[in-house]
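Coordinate analysis (summary)
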Amino acid sequence: EAAVTQSPRNKVTVTGGNVTLSCRQTNSHNYMYWYRQDTGHGLRLIHYSYGAGNLQIGDVPDGYKATRTTQEDFFLLLELASPSQTSLYFCASSGGGAGAEQFFGPGTRLTVL
Amino acid sequence: GDSVTQTEGLVTLTKGLPVMLNCTYQTTYSPFLFWYVQHLNEAPKLLLKSSTDNKRTEHQGFYATLHKSSSSFHLQKSSVQLSDSALYFCALSAMSNYNVLYFGSGTKLTVEP
């Protein structure tokens with residue numbers, strides 16, 4: 001089965017702080033995604049990528065940067081964290097194409113005080 | 001734009017009863033519909049998917065039929081179990097970009113003894 005890992009699993013920072021969330025997949029998938037999950041909003045796409053060096057903007061990109069350094073690694077950067085970014089963040093990977101399943105990591109709970 | 005609507009935020013049922021979770025979607029392109037399930041403190045996982053009009057698809061006792069005429073993909077089960085308590089997300093990908101999923105806001109199903 002697909003393997004997606006995330007670190008850290010929990011993170012607390014202060015307003016204005018700098019945070020990097022990491023994601024690694026070992027499935028040789030081309031596509032990787034960053035979502036945030038908030039009650040009442042479901043999963044909302046922040047950024048995604050179809051390969052090393054590529055970045056595509058999702059539906060809620062404001063305040064977030066992302067970088068795909070290798071096929072395996074995808075990072076989400078919050079350079080000036082705000083309390084509105086307190087959320088549960090999921091990374092996912094997919095082989096791409098019609099009907100392709102997305103495999104999710106275990107999530108990172110971020111709290112911005 | 002593409003979107004998914006789940007009308008019930010919370011459904012509570014007694015074990016053994018049937019359930020239907022509603023999902024409607026909006027797209028001008030050929031759709032692919034998914035149901036993902038997320039148990040407490042776990043990552044979302046694919047439950048079932050379909051792109052075939054009027055064909056029932058089943059997995060783990062759950063079933064859904066894509067009806068393009070009504071833009072619906074409701075999730076059903078004839079007899080819910082305690083272990084079915086979870087958050088259920090309907091999601092859409094469309095031919096405009098099959099690599100992006102649009103998620104509904106989710107329905108929390110609680111099954112009581």
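Whatever comes next refers back to the structure up there.
Our subject in this report is the structure included herewith.

Put plainly, two cysteines are in a disulfide when a covalent bond ties their sulfur atoms together. Here the structure, examined in full by the defined rule, presents two disulfides over all chains. Here Cys23 of chain A engages in a disulfide with Cys91 of chain A; their sulfurs sit 1.8 Å apart. For the disulfide bridge between Cys23 of chain A and Cys91 of chain A, the dihedral angle about the S-S bond is near -75 degrees, and by the sign convention the bridge is left-handed. One end of the pair, Cys23 of chain A, is in strand β3 (residues 19-25); the other, Cys91 of chain A, is in strand β9 (residues 87-94), and 68 residues separate them in sequence. When sorted by exposure, Cys23 of chain A lands in the same class as Cys91 of chain A, which is buried. Residue Cys23 of chain B pairs covalently with Cys90 of chain B via a disulfide, S to S 1.9 Å.

As a further point, take the nonpolar core. If you look at the biggest cluster of nonpolar residues, it comprises 24 residues, and the most contacted ones within it are Leu33, Trp35, Leu47, Leu48, Phe73, Leu75 and Tyr88 of chain B. Contributions of two or more residues to this core are made by β2 (10-14), β3 (19-21), β5 (31-38), β6 (45-50), β8 (62-65), β10 (86-94) and β12 (107-112) of chain B. Ranked by residues supplied to this core, first place goes to β10 of chain B with four residues. If we skip the residues at most four places from it in the chain, Tyr88 of chain B touches Gln6, Leu21, Trp35, Tyr36, Val37, Leu47, Phe62, Leu75, Gly106, Thr107 and Leu109 of chain B. In this structure, Tyr48 and Leu88 of chain A together with Ala43 and Phe89 of chain B belong to the second largest nonpolar core, which totals 20 residues.

The subject of this paragraph is the side chain of Ser49 of chain A. Residue and element names in this part refer to chain A. Within the secondary structure, Ser49 sits in strand β5 (residues 42-49). Accessibility expressed as a relative area gives 0% for Ser49, which makes it buried. There is a polar contact of 2.9 Å between the side chain of Ser49 and the backbone oxygen of Gly51. In this structure the side chain of Ser49 is engaged in a polar contact, spanning 2.7 Å, whose partner is the backbone oxygen of Asn54. Not counting residues within four places of it along the chain, the set of residues in contact with Ser49 comprises Asn30, Tyr31, Met32, Asn54, Arg68 and Phe74.

Thresholds applied
Residues numbered from 1 in each chain as written. Chains lettered and ligands numbered in written order. Predicted model: local features only at pLDDT ≥ 70, side-chain atom pairs only at ≥ 80, totals over all residues. Heavy atoms only, no water. Disulfide = S-S within 2.5 Å. Helix = DSSP H or I, 4+ residues; strand = E, 2+ residues; numbered from the N terminus. Buried < 20%, exposed > 50% of the residue type's maximum accessible area, 1.4 Å probe, protein only. Core = buried A, V, L, I, M, F, W, Y, C linked by side-chain atoms within 4.5 Å. Contact = heavy atoms within 4.5 Å. Polar contact = N/O pair within 3.5 Å; in protein donor to acceptor, adjacent residues only side chain to side chain.

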